[in-house]
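# Architecture at a glance
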Amino acid sequence: MVKYLAILILFASCALYGFQSAKALERRAAMHKKLCSAIRTISNVVLTTRQPLFSIMQKYPEIPFRRLILACFEGLPGGEDAAAVFERAEREQGAELGGAIDAETRQVLTEFLLALRQLDGSRLSEAMKRAETDMEKIAERTESDSRQRGRIYRTVGVLLGAAVAILLI
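Since this is a predicted model, take the numbers as computed values, not measurements.

What follows covers the pattern of salt bridges. Counting across every chain of the model gives 8 salt bridges. Across the pair E26 and R154 runs a salt bridge, and its minimum N-O distance is 3.6 Å. Note that E26 is positioned in helix 1 (residues 2-49) and R154 in helix 6 (residues 121-168), a separation of 128 residues in sequence. Take R154: its relative accessible area is 24%, and that puts it in the partly exposed class. Because the salt bridges share partners, they merge into one network encompassing K23, E26 and R154.

Moving on, we come to the nonpolar core. Ranked by internal contacts, the top residues of the largest apolar core, which has 35 residues, are I42, L53, I69, F112, L113, L116 and M135. The set of elements that each furnish at least two residues to this core consists of helix 1, helix 2 (53-59), helix 3 (66-75), helix 4 (82-97), helix 5 (103-116) and helix 6. Top element by residues in this core is helix 1. It accounts for 8 residues. Every residue in contact with L53, bar those within four places of it in the chain, is listed here: I42, I69, L70, F73, L113 and L116.

In this fold, M128 is placed in helix 6. When the C-alpha atoms of M128 and I42 are compared, they prove to be 9.0 Å apart, with 86 residues separating the residues in sequence. With residues near it in sequence (within four places) discarded, M128 still touches S43, V46, L47, F112 and L116.

Let's shift gears to the packing of helix 1 against helix 5. Running from amino to carboxyl end, helix 1 crosses helix 5 at an angle of 15 degrees, the nearest separation of the two axes being 12 Å. In terms of orientation, helix 1 and helix 5 fall into the roughly parallel class. The interaxial crossing formed by helix 1 with helix 5 has left-handed handedness. For the pair helix 1 and helix 5, contact is made by H32, L35, I39, I42, S43 and V46 and by T105, V108, L109, F112 and L116, respectively.

All right, on to a nonpolar patch on the surface then. On the surface, L5, L8 and I9 cluster together into a nonpolar patch covering about 300 Å² of accessible area. Tracing the sequence through the fold places I9 in helix 1. Exposure remark for I9: the relative accessible area of 48% places this residue in the partly exposed category.

This part covers the side chain of S146. With respect to the helices and strands, S146 occurs in helix 6. Note on S146: relative accessible area 7%, which makes it buried. Those residues in contact with S146 that lie beyond four places of it in its chain are L25, E26, A29 and R151.

Further remarks concern the environment of Y60. Mapped onto the fold, Y60 is located in the loop between helix 2 and helix 3. Assessed through its relative accessible area of 28%, Y60 is described here as partly exposed. For the pair Y60 and I42, spaced 18 residues apart in the sequence, the C-alpha separation amounts to 9.1 Å. Those residues in contact with Y60, other than ones at most four positions away along the chain, are V45 and R66.

Parameters and conventions
- Every residue gets a number counted from 1 within its own chain, in the order that chain's sequence is written.
- The predicted nature of this model means local features are confined to residues of pLDDT at least 70 and side-chain atom pairs, given and counted, to a pLDDT of 80 or more, with totals for whole chains, interfaces and linings taken over all residues.
- Calculation of side-chain values draws on the structure's entire complement of heavy atoms; hydrogens and water are dropped beforehand.
- A carboxyl oxygen of Asp or Glu within 4 Å of a side-chain nitrogen of Lys or Arg is what we treat as a salt bridge.
- In DSSP terms, a helix is any run of H or I states spanning at least four residues, a strand is any run of E spanning at least two, and both are numbered starting from the N terminus.
- For the exposure calls, accessible area comes from a 1.4 Å probe over protein chains only, and a residue counts as buried if that area is under 20% of its type's maximum, exposed if over 50%, partly exposed in between.
- In this description, a nonpolar core means a group of buried Ala, Val, Leu, Ile, Met, Phe, Trp, Tyr and Cys residues linked to one another through side-chain atoms lying within 4.5 Å.
- Residue contacts follow a heavy-atom distance rule, with two residues in contact if any of their heavy atoms lie within 4.5 Å.
- Axis lines are fitted through C-alpha atoms, for helices just across the contact stretch, and the angle between N-to-C directions can take any value from 0 to 180 degrees.
- Angles below 35 degrees are treated as roughly parallel, those above 145 as roughly antiparallel, those between 65 and 115 as roughly perpendicular, and all remaining angles as oblique.
- Each crossing is labelled by how the near helix is turned from the far one, with a counterclockwise turn of less than a right angle marking it left-handed and a clockwise turn marking it right-handed.
- Patches were defined on residues exceeding 30% relative accessible area and lacking a salt bridge, with like-charge contacts within 9 Å and nonpolar side-chain contacts (Val, Leu, Ile, Met, Phe, Trp, Tyr) within 5 Å.
- Where accessible areas are quoted, they stem from the Shrake-Rupley method and a 1.4 Å probe; at the residue level, only the protein chains shown are allowed to cover.

Dropping the structure here:
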């Protein structure tokens, strides 16, 4: 009886690990979608009103990752490496993110935030559109990756649990 209970627990543990890994991928995809939405909203407001980022963030509290974006925006011009600025902001605002920002996303956000400091016509518009397009590509790729690898992780977790159970019986 104890043996079967142990086998059941091992099976459930393996399956749970697979499902948790898939869920982590889904959270990462959701984070990229929210960042894409934030960039799109900020771009639209900046390009139509030419307001600075701080006033936009006050007027639009629904923008995702407001605190992270402001923390990175404040830290970037200080001569500090962009990666260090993002790492510090992630530590401070980590609960808001739900996951770490990868290097590619960090690069897009850095270019976007540095472009916001310029607030001059055509170059700003080009930089905003490029950041928006790049973030949409990252979000789409992450979503696709999440669906494919998530399915694999769930299947492997269940199959590994079943294999362990069969070996122990």
